[in-house]
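The primary structure of each chain is shown beneath.
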4 protein chains.
Amino acid sequence: MNAPANLLNLDEFERAALAVLPQAVYDYYAGGAEDEVTLRENRAAFARYALRPRVLVDVSRIDSTVELLGKRIAGPLLIAPTAFQKLAHPEGELAAARAAAHRNTPYIASTVSTTPIEAIAAAAPGSNIWLQLYVFRDREITRELVQRAEQSGCRALCLTVTVPVQGKRERDARNQFSLPDGIEMANFSGLRQAQLPEGKGSRLEAFIQREFDDSLTWSAVEWLASISSLPILLKGICHPQDAELAIDHGAAGVIVSNHGGRQLDSAIATLDALPAVADAVDGRIPVLLDGGIRRGSDVLKALALGATATLIGRPVLWGLAVGGQAGVDAVLSLVLDEVARVSALCGLRSPTSASPDLLSRI
Amino acid sequence: MNAPANLLNLDEFERAALAVLPQAVYDYYAGGAEDEVTLRENRAAFARYALRPRVLVDVSRIDSTVELLGKRIAGPLLIAPTAFQKLAHPEGELAAARAAAHRNTPYIASTVSTTPIEAIAAAAPGSNIWLQLYVFRDREITRELVQRAEQSGCRALCLTVTVPVQGKRERDARNQFSLPDGIEMANFSGLRQAQLPEGKGSRLEAFIQREFDDSLTWSAVEWLASISSLPILLKGICHPQDAELAIDHGAAGVIVSNHGGRQLDSAIATLDALPAVADAVDGRIPVLLDGGIRRGSDVLKALALGATATLIGRPVLWGLAVGGQAGVDAVLSLVLDEVARVSALCGLRSPTSASPDLLSRI
Amino acid sequence: MNAPANLLNLDEFERAALAVLPQAVYDYYAGGAEDEVTLRENRAAFARYALRPRVLVDVSRIDSTVELLGKRIAGPLLIAPTAFQKLAHPEGELAAARAAAHRNTPYIASTVSTTPIEAIAAAAPGSNIWLQLYVFRDREITRELVQRAEQSGCRALCLTVTVPVQGKRERDARNQFSLPDGIEMANFSGLRQAQLPEGKGSRLEAFIQREFDDSLTWSAVEWLASISSLPILLKGICHPQDAELAIDHGAAGVIVSNHGGRQLDSAIATLDALPAVADAVDGRIPVLLDGGIRRGSDVLKALALGATATLIGRPVLWGLAVGGQAGVDAVLSLVLDEVARVSALCGLRSPTSASPDLLSRI
Amino acid sequence: MNAPANLLNLDEFERAALAVLPQAVYDYYAGGAEDEVTLRENRAAFARYALRPRVLVDVSRIDSTVELLGKRIAGPLLIAPTAFQKLAHPEGELAAARAAAHRNTPYIASTVSTTPIEAIAAAAPGSNIWLQLYVFRDREITRELVQRAEQSGCRALCLTVTVPVQGKRERDARNQFSLPDGIEMANFSGLRQAQLPEGKGSRLEAFIQREFDDSLTWSAVEWLASISSLPILLKGICHPQDAELAIDHGAAGVIVSNHGGRQLDSAIATLDALPAVADAVDGRIPVLLDGGIRRGSDVLKALALGATATLIGRPVLWGLAVGGQAGVDAVLSLVLDEVARVSALCGLRSPTSASPDLLSRI
């Protein structure tokens, strides 16, 4: 009944996931910081634009593919990094990465995955895996991760810059959310005892408190570039001057992101932040966007305002919860289908042709 | 109690229809694509304008008539094409066309009517029937329809350009909506077996999938003009450049339409799209508008922003459901009365005198 | 418990009135045309402005009085004409006029009052009664009314220009609202049989249909001026060009009004229409406003945007329903108190000092 | 369960307080004037701005301290004066002042406190107490209060200018709110019988009616300055010209305030009034703001628009109600934590670095 193939849209996936997930896990995934204003605004920002379609264009061959970092992917769509995917489904990251590979969609593995990066990268032939990471206080931990990512064949690094300190996630505090037994931050199981804090549940928080480096500056991007030949994308750029700085410090791309509304509540919606960032970047590097994408039309709006591609995070978790690999596959398929359909209905042979002319402010 | 004559406004007609129609039929008629944003925005756009009336104008002789394609009609009002009218009432298109003729209101027959175009056109003396159509992949099907329309005395062709692919109508998917036994796409009953897909229910979808031509371009308009002497209106123009192209390719009129919110969700509300289209057309051909018209004041707002006339679709179906020909007649009468009354209250001897000066943005 | 003196604001008066009035009478008073959009917008327009107060002004002697047509009245407040006040309370217009006289507030008697104008004008010493009227098709009816008004000592005529045709009031149609036995249009009881249509209930509608003149033009204002020496105010001006015409044709004042949202639904809110009208008038004649005034702060906002004074209609009916003369007195007292208090809190020694500088658009 | 330390945000403190306070006391604290439009707008104004964070800034040493009137305080935060704190907790002002001292946060004592100013000032070492006051009709009362404040070591005077007359607080009228036995306006217990009106409950109102001076002008500020060497801040400035006048008359600071929405309903939200006031002041004196601050992000927004610091009033009462001194301490700690966290997440080493560039209008 709730088989992934029967679910008609991403909101239905979310409702189906809510029905199968423990409440605290659902809340951990679904929630945002404080009053969740940014969480809502991320979606509301899309609703402030309407599409002005063109007609009588031959759209018999919609080409949704996008060239990104030298590789052609199925559409302007990536899987955003999200933590602890085994909380959603026993196969966790492996299931999601396999579905991504099957749909030729980049999968950005979270640093705090419940499967080691090596296993994720090896999960499926043709996979296009990136590793999301932080520059930890103990830079050796980061260096080791980067080396493992390179050796595993990861194609890019995605440095999250939105967590100098942890956001205030009140749902988790209310639920006293903690990782259940058997769910591990798998990339760190090889760390020496001295490196990883002890204790179930509070482990992540303790690790974050100790290792998340609130003194990080742009030189960290240069350091990261110095230890890896992989392209580095910065995830969490909302200000045009930071976009300039990102390019100055060697970033291969920026992701306009507010961490899904989980860090700074009241932060600008990503779609609202996009135009100024895209203007500043001016085509020099790819500009990606996450936050609030729930429809193919949302993807088109982001592209019309200057994004190269978009990321979805929570919907992938809902797919995973509902049907494991098949669920994620259904989610990706659904969004890619919507992108193609909306492109056709807008008279665009490719979503990448979307320009501001497509949009009308409501 | 719900006799058409007792219903005070179009929303009451809708509620009365909801009470008598099977839910899946109501949903098929009432629903829009995806999240039905455009469905709602079509109406919301009217609410963003207020009327600034003039007073002490002699309005004792309101003339609501409009000259359209060389014929004077009762008011700035047409019946929009809607599919499968026998689902609403056993007499279907015949009842609606007779009411339209009685009220001197053009009736645009849908290509996927449940009554053949010949019977619709013959239904009533003085009828002003147009045929809505698509240019199918198999152009002979279209050519034959056009010939039948001409032979039946249809006065115009209305080419729908909003369906390169089918919109995603989730209500219908949830309801597994299909045509019941005995309801046919009557214009195609003469098609050879080979031309029409088999199987109840999925028939329309299969037909659409096979025959709807997503490679159609503006040359199709020229082709259509080459096989018919009837004026051709393009239904689904929301962009000023497409309005220019329509004129360039010989269109006799354009209809600003988003297919009632049933195709591209998040498409611009028709009233929001109207001004730029009317500007581009600059009086060279009529500019019609459909989508969200529920009050006489809505008609006036559309005319003030440049429309020559407006179309109502769903309200006609509600009239049909509630009372057959008498119901449609009551709907038309009600809207025409409201148009005359609002004109008088605005100090306009004719709704066609409405100009932007009448409007105030809220 | 609901004694007028215990009611804290006009909304409480309305709720108390709702509790004592027959539903159909409440609906007749409270309702507006069609979807009641204008009814709501009249109030919403006030909410779009905030007040930016000044401080440390000596407000120990607030002078709320206003000079209007050569007479100093208690505040920038008049009682708007409303029909059939005996529906609210057996003493009807007499009670209201007495309260008005007691509060030195002009009372504008409705043409379709349930008490003759002579009795209203004689009700109280010091009364400042105006007569609201229409120029009927049979001008002798109007001429006679004007003479009676003059002989009764009325001080002004208020010509309503918003009713070329009757608005569509759906609540009344649903309720099949009609005047109960014993409630008469008292100004017309002297009319010859031939002049007044027969039949209970439908009488007003029949009278209106026969006598309301939809061919009226500006010459009617001149005609009215030619038969009376009383100042003539035009009630229902929302367009600056009509304000110009009003002055050109000898009007002594204009009232920005949409007939309380009872005629043209979707008409511009009166506060939104005010600035352009006040600009056009440029101080040459008084500009009054009615529609949506429920708080002293609303009065101040209207004055800040150019009104000389404001009218309240429905709240007076609620006062009447709740407590007859004492109820109306309480309503007037409450609003005048609020006007004085708000003036003091804004740092204005007189509400007439309000200027656009007081306002901030929200 | 509702222990202060478990409460996650200020709204939770309010809900917890609602559960323990008598309804009439809660209403007295929580309510505003008339329709409470300004009460709501104070908060809504913050929601109209989003934050555009900067990243990769070293925020390891967030310095939230602010220099205010020559003293460095813990953050851009003060406790606003609120009346009758013993209604919230038996220890009333003493508890609040001790918590304030503990958190190095200025405590502005209300003139109508339930504890004498001497006791409040003596409550805790390191306290930074200001006295809020009015210039009464009987200026000797004010002079005496000022002397007591000086002798007690108060560091500033805060003259409230929003009460020429009392606001219309309808909740209190409905509740017939009065001070219970044993709750006194403690600063006035030494007044001669002749100076203080008799009678429980109505005492405050009678005192206000007799002593609040609606003829006060700017000369009162000069008079106050002439009798005290303490810096004088004016609380209730919303207009840039009043800010100019404040400086001209010797004010040491202004507080943009609408008295928490308790005086002039429909008054401009303080955040909306701030930019013009800050522009006029142009850094010459501190500009504080109260009204609607409920999150650290609100504080940042106020600072970005020109405020030097902000005040919270009601949240302190909720803390007091829930836990006395510990509750107030928890409230202060929570807001200061949020300010630091939000600063870090915005890439600001100090909240005082916030500029308009941080903000995006939604």
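Since the model is a prediction, treat every value here as computed from it, not as a measurement. (Residues numbered from 1 in each chain as written. Chains lettered and ligands numbered in written order. Predicted model: local features only at pLDDT ≥ 70, side-chain atom pairs only at ≥ 80, totals over all residues. Heavy atoms only, no water.)

Draft legend 1. Structural view of the interface of chain D and chain A. Contacts between the two partners involve 28 residues from chain D and, on the opposite side, 37 residues from chain A. Summed over both partners, the interface of chain D with chain A buries about 2700 Å², with 57% contributed by carbon and sulfur atoms. Inspection of the chain D/chain A interface yields six salt bridges. Notably, a salt bridge pairs A:Glu34 with D:Arg295, separated by 3.7 Å at the nearest N-O pair. Counting every contact that joins chain D to chain A gives 16 residue pairs in polar contact (both at pLDDT 80 or more). Elements that contribute at least two residues to the side of chain D that touches chain A include exactly β1 (49-51), α12 (296-304) and α13 (314-346) of chain D. (Contact = heavy atoms within 4.5 Å. Buried area = accessible area lost by both parts, 1.4 Å probe. Salt bridge = Lys/Arg side-chain N within 4 Å of Asp/Glu carboxyl O. Polar contact = N/O pair within 3.5 Å; in protein donor to acceptor, adjacent residues only side chain to side chain. Helix = DSSP H or I, 4+ residues; strand = E, 2+ residues; numbered from the N terminus.)

Draft legend 2. The arrangement of the interface of chain B and chain A in detail. In this complex, chain B contributes 37 residues to the contact, which on the side of chain A involves 28 residues. Taken together, the two surfaces of chain B and chain A that pack against each other cover about 2700 Å², and 57% of this comes from carbon and sulfur. The interface formed by chain B and chain A contains six salt bridges. Seen at the junction of chain B and chain A, the total is 16 residue pairs in polar contact (both at pLDDT 80 or more). Of all the secondary-structure elements, those providing two or more residues to the side of chain B that touches chain A are α7 (170-175), α10 (240-248) and α11 (270-281) of chain B. Of all the elements, α10(B) adds the most residues to the side of chain B that touches chain A, at four residues. A per-class count over the side of chain B that touches chain A returns 17 nonpolar, ten polar and ten charged. (Nonpolar A, V, L, I, M, F, W, Y, C, P; charged D, E, K, R; others polar.)

Draft legend 3. Expanded view of the relation of the copies chain D and chain A. Its rotation angle being 90°, the transformation that places chain D on chain A also includes 0.1 Å of axial translation and leaves an RMSD of 0.0 Å. Such a turn and shift between the copies fits a four-fold axis. Of the C-alpha atoms belonging to chain D, the one lying closest to the rotation axis is found on D:Ile362, 9.3 Å away. (Least-squares fit on C-alpha atoms with pLDDT ≥ 70 in both.)

Draft legend 4. The arrangement of the arrangement of the chains in detail. Regarding chain A and chain C, the two do not touch, and the least distance separating their C-alpha atoms is 19 Å. Contact between chain B and chain D is absent, and the minimum C-alpha spacing across the pair is 19 Å.

Draft legend 5. Molecular detail of the pairing of strand β7 (residues 156-160) of chain B. Residues and elements named next belong to chain B. Most of β7 is tucked away: five of the five residues are buried. Of the two faces of β7, the one carrying Ala156, Cys158 and Thr160 and the one carrying Leu157 and Leu159 are both buried. As defined by bridge partners, strand β6 (residues 129-133) adjoins β7 across four bridges and the pair is classed as parallel. Across the sheet, the residue bridging to Leu133 is Leu159, located in β7. Following the chain from β6 across helix α6 (residues 139-151) to the adjacent parallel β7, one finds a crossover that is right-handed. (Buried < 20%, exposed > 50% of the residue type's maximum accessible area, 1.4 Å probe, protein only. Pairing = 2+ DSSP bridges. Right-handed = clockwise from strand over helix to strand, strands pointing away.)

Draft legend 6. A look at the pairing of strand β6 (residues 129-133) of chain D. Residues and elements named next belong to chain D. Judged by how many residues are buried, β6 sits mostly within the fold: five of five residues are covered. On β6, burial covers both faces: Ile129, Leu131 and Leu133 on one face and Trp130 and Gln132 on the other are all buried. Relative to β6, strand β5 (residues 107-109) runs parallel, the two being bridged by three bridges. The partner of Tyr107 across the bridge, within β6, is Ile129.

Draft legend 7. A look at the pattern of salt bridges. Tallied over the entire structure, the rule returns 92 salt bridges over all chains. Linking A:Arg137 and A:Asp214 is a salt bridge whose minimum nitrogen-to-oxygen distance equals 3.6 Å. Remark: A:Asp214 occurs in the loop between α8 (203-211) and α9 (219-227) and A:Arg137 occurs in the loop between β6 (129-133) and α6 (139-151); sequence separation between them is 77 residues. For A:Asp214, a relative accessible area of 16% gives the class buried. Ionic pairing is found between A:Arg210 and A:Glu211, a salt bridge with its closest N-O pair at 3.3 Å. Owing to a relative accessible area of 33%, A:Arg210 belongs among the partly exposed residues under this scheme. A relative accessible area of 5% places A:Glu211 in the buried class. Bridged by salt links that share partners, the residues A:Glu12, A:Arg295, A:Glu338, B:Glu34, B:Asp35, B:Lys168, B:Glu170 and B:Arg174 form one connected network.

Draft legend 8. Local environment of the confidence of the model for chain A. Per-chain confidence: chain A averages 95 in pLDDT, with 96% of residues scoring 70 or above. Across the interfaces of the predicted complex, the ipTM metric reaches 0.96, alongside a pTM of 0.96. (pLDDT = per-residue confidence, 0-100.)

Draft legend 9. Representation of the side chain of A:Glu14. Residues and elements named next belong to chain A. By the secondary structure assignment, Glu14 is in helix α1 (residues 10-20). This buried residue, Glu14, is left without a salt bridge; Arg43 holds the nearest opposite charge, at 5.0 Å. Engagement of the side chain of Glu14 in a polar contact is seen with the side chain of Tyr26, the distance being 2.5 Å. The residues touching Glu14, leaving out its near neighbours within four places in the chain, are Tyr26, Ala30 and Trp318. (Lys, Arg positive; Asp, Glu negative; His and termini not counted.)

Draft legend 10. Quick look at the packing of aromatic side chains. Here the structure, examined in full by the defined rule, presents 36 aromatic pairs over all chains. Ring geometry for A:Tyr134 and A:Phe212: centres 4.3 Å apart, planes at 45°, overall tilted. Here A:Tyr134 is found in the loop between β6 and α6, whereas its partner A:Phe212 is found in the loop between α8 and α9, with 78 residues between them in sequence. Here A:Tyr134 matches A:Phe212 in class, with each residue buried. Between D:Phe136 and D:Phe188, the ring centres sit 5.9 Å apart and the planes meet at 75°, which makes this aromatic pair edge-to-face. With D:Phe136 in the loop between β6 and α6 (139-152) and D:Phe188 in the loop between α7 (170-175) and α8 (203-211), this pair connects stretches of sequence that are 52 residues apart. (Phe/Tyr/Trp six-rings, centres within 6.5 Å; stacked < 30°, edge-to-face > 60°.)

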